[in-house]
Amino acid sequence: MEAALQQEAERRGTIGTWERIPVDGSAPMDAYVSRPAAPGRYPRVLVGFEMFGVTGYIRDVADRIAEAGYVAVVPDFHHRTAPGVQLTADDEGRRRGFELIGQLTRPGVLADLRAAIDWLDRQEYAGSGTAMVGLSLGGHIAYYAATQLDLAATAVFYGGWLTGTDIPLSRPEPTVELSAGIREHNGRLLFLTGADDHLLDAAQREILTDRLTAAGVRHEMVVYPAPHGFFCHERDSYRPEAAEDAWRRTVELLAAELAPQVSR
């Protein structure tokens, strides 16, 4: 798997590395960083993983973002409880993943994201402008991050648990109730989900849309005839047409809202 990822990165003209990022009040956090191999300063994109950790699939997503002209950083949000964990998307992996979700908190993930941004500020290849792309659990993290940080753009792939208080990340108030923060940070939100998503039904989508509209957030909700996880090519839930369209929209969002590369 690792050799195949390296070969694909070389084909794409990207460089992928593991970095140690200091986080205040806790042990250093590992993060996967992918960037274009060509010299230059590139806008930054934070990447929120699914509950399975910084897996090969998520690193591939980061490499695709780098191929599009950005520095992509995937923080290991599980570093406090299970550093370096990479779970498989099967029943056992999901069981352990839900255990880890139960230990993630808003202050923790916010500290991780701020640490990643501070680290990027010190890298010569990182330009101005920051966005975030999150998938499933990472979609929830990305939505929350957009309410708290200066993110120019946020792409949420089938984020769940946003309208209730089922997990620590959605407490004390449902994350959707913080939506005004996205407008306050002048961010733009793209929400990509499936009509058959078990984590976000039609009623919940309506709540999200209503809150975003009421808050004056620049947003778009795109619903595909697909289940949860339609973007992941490694699983039965994969829907190629939906995945291709979602990626096109994401790349267009980043291009529209982030500053272009500055060559050197």
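Residues numbered from 1 in each chain as written. Predicted model: local features only at pLDDT ≥ 70, side-chain atom pairs only at ≥ 80, totals over all residues. Heavy atoms only, no water.

**A closer look at the pattern of salt bridges**
For step 1, the next point in the chain: In total, this model carries 17 salt bridges according to the counting rule given.
For step 2, the next point in the chain: The shortest N-O distance in the salt bridge between Glu-99 and Arg-95 comes to 2.5 Å. Placement of both Glu-99 and Arg-95 in helix α3 (residues 91-101) is noted, with a separation of four residues, approximately one turn of the helix.
For step 3, the next point in the chain: The exposure class of Arg-95 is partly exposed, given its relative accessible area of 41%. (Salt bridge = Lys/Arg side-chain N within 4 Å of Asp/Glu carboxyl O. Helix = DSSP H or I, 4+ residues; strand = E, 2+ residues; numbered from the N terminus. Buried < 20%, exposed > 50% of the residue type's maximum accessible area, 1.4 Å probe, protein only.)

**Focus: the packing of aromatic side chains**
For step 1, the next point in the chain: Taken as a whole and assessed by the stated rule, the structure comprises eight aromatic pairs.
For step 2, the next point in the chain: Between the NZ or CZ atom of Arg-35 and the centre of the ring of Tyr-125, over which it lies, the distance is 4.2 Å.
For step 3, the next point in the chain: Here the basic side chain of Arg-64 rests over the ring of Trp-247, its NZ or CZ set 4.2 Å away from the ring centre. (Phe/Tyr/Trp six-rings, centres within 6.5 Å; stacked < 30°, edge-to-face > 60°. Lys NZ or Arg CZ within 6 Å of the ring centre and 35° of its normal.)

**Overview of the side chain of Arg-235**
For step 1, the next point in the chain: In this fold, Arg-235 is placed in the loop between β8 (218-227) and α8 (240-257).
For step 2, the next point in the chain: On the basis of relative accessible area, Arg-235 is assigned to the buried category, the value being 18%.
For step 3, the next point in the chain: Among the polar contacts listed, one links the side chain of Arg-235 to the side chain of Glu-50, at a separation of 3.1 Å.
For step 4, the next point in the chain: Leaving out residues up to four positions away in the same chain, Arg-235 has contacts with Glu-50, Phe-52, Ala-89, Arg-94 and Gly-229. (Polar contact = N/O pair within 3.5 Å; in protein donor to acceptor, adjacent residues only side chain to side chain. Contact = heavy atoms within 4.5 Å.)

**A few points about the sheet that holds strand β5 (residues 126-135)**
For step 1, the next point in the chain: On the basis of which strands lie adjacent, the open sheet formed by eight strands has the order β1-β2-β4-β3-β5-β6-β7-β8 and mixed pairing. At either margin of the open sheet sits one strand with a lone partner, and together these are β1 (14-21) and β8. When strand polarity is set aside, the average angle formed by the axes of neighbouring strands in this sheet is 20 degrees.
For step 2, the next point in the chain: Strand direction decides the pairing type here: β1 and strand β2 (residues 29-36), joined by eight bridges, are antiparallel. Across the sheet, residue Ile-15 finds its bridge partner in β2, namely Arg-35.
For step 3, the next point in the chain: The strands that helix α2 (residues 56-67) touches are β1, β2, β3 (42-48), β4 (71-75) and β5; relative to β2, the one it contacts most, it runs at about 35 degrees. (Pairing = 2+ DSSP bridges. Axes fitted to C-alpha atoms, helices over the stretch in contact; angles between N-to-C directions.)

**A short note on the pairing of β5**
For step 1, the next point in the chain: Of all 10 residues making up β5, eight are buried, and the element is well covered by its neighbours.
For step 2, the next point in the chain: Direction of pairing for β3 relative to β5: parallel, over a ladder of six bridges. Bridge pairing links Val-45 to Ala-131 in β5.
For step 3, the next point in the chain: Relative to strand β6 (residues 153-157), β5 is paired through five bridges, and the arrangement is parallel. Following the sheet pairing, Ala-131 is matched in β6 by Ala-153.
For step 4, the next point in the chain: Between β5 and its parallel partner β6, the chain crosses via helix α5 (residues 137-148), and the hand of that crossover is right-handed. (Right-handed = clockwise from strand over helix to strand, strands pointing away.)

**Some thoughts on the nonpolar core**
For step 1, the next point in the chain: With 89 residues, the main nonpolar core has Tyr-143 and Phe-231 as its most contacted residues.
For step 2, the next point in the chain: The element contributing the most residues to this core is helix α4 (residues 106-121), with eight residues.
For step 3, the next point in the chain: Aside from chain neighbours lying at most four places away, what touches Tyr-143 is Thr-154, Val-156, Leu-162, Thr-175, Val-176, Ser-179, Ile-182, Leu-189, Phe-191, Leu-208 and Leu-212. (Core = buried A, V, L, I, M, F, W, Y, C linked by side-chain atoms within 4.5 Å.)

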